[in-house]
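# Structural features, examined
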Amino acid sequence: QVQLVESGGGLVQAGDSLRLSCAASGRTDSSYAMGWIRQAPGKEREFVAAINWSGDMKYYAGSVKGRFTISRDNAKNTVYLQMNRLKPGDTAVYYCVAARGSGLYGRVDDYDYWGQGTQVTVSS
């Protein structure tokens, strides 16, 4: 089992930046791919970004590519999502997720473990 706890959400204005963090605990001795998934009010969950175990492979949704950057520090069991040039359309609850394995996963259903989520609100 892996437990995930997000932090760093908040209320910002369009064009601002925000960095989300996710601390993992539990069975972190195994290889896990990590990612971020978001859910806006009234919408389905949407894949945002993914990173493989070693951190040398990353994958982004088209809507955030070029604005968001995912990274990880395995020594700290932490994954980050740097969000720049935020838009009102980025408003959502952001979930940190983990999947067993050393691959790179780009679908919501790929992930085995989920955090409780952190709210990001971008005002226009």
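Our structure's up above, just so we're on the same page.
What comes next is a walk through the structure. (Residues numbered from 1 in each chain as written. Predicted model: local features only at pLDDT ≥ 70, side-chain atom pairs only at ≥ 80, totals over all residues. Heavy atoms only, no water.)

The biggest cluster of nonpolar side chains holds 37 residues, and the ones touching the most others in it are Leu-4, Met-34, Trp-36, Leu-81, Met-83 and Tyr-94. Secondary structure elements with two or more residues in this core: β1 (2-7), β3 (18-26), β4 (32-39), β5 (46-51), β7 (68-73), β8 (78-83), β9 (92-100) and β11 (118-123). Ranked by residues supplied to this core, first place goes to β9 with seven residues. If sequence neighbours within four positions are ignored, Leu-81 has contacts with Leu-18, Arg-19, Leu-20, Trp-36, Val-48, Ala-49, Phe-68, Thr-69, Ile-70 and Tyr-94. (Core = buried A, V, L, I, M, F, W, Y, C linked by side-chain atoms within 4.5 Å. Buried < 20%, exposed > 50% of the residue type's maximum accessible area, 1.4 Å probe, protein only. Helix = DSSP H or I, 4+ residues; strand = E, 2+ residues; numbered from the N terminus. Contact = heavy atoms within 4.5 Å.)

This next bit is on the state of the cysteines. Here a disulfide denotes one covalent bond, and it connects the sulfur atoms of two cysteines. Across all of its chains, the model carries one disulfide by this definition. Paired through a disulfide, Cys-22 and Cys-96 show a sulfur-sulfur distance of 2.1 Å. Because the torsion about its S-S bond is -80°, the bridge between Cys-22 and Cys-96 counts as left-handed. Placement of the pair is Cys-22 in strand β3 and Cys-96 in strand β9, with a sequence separation of 74 residues. (Disulfide = S-S within 2.5 Å.)

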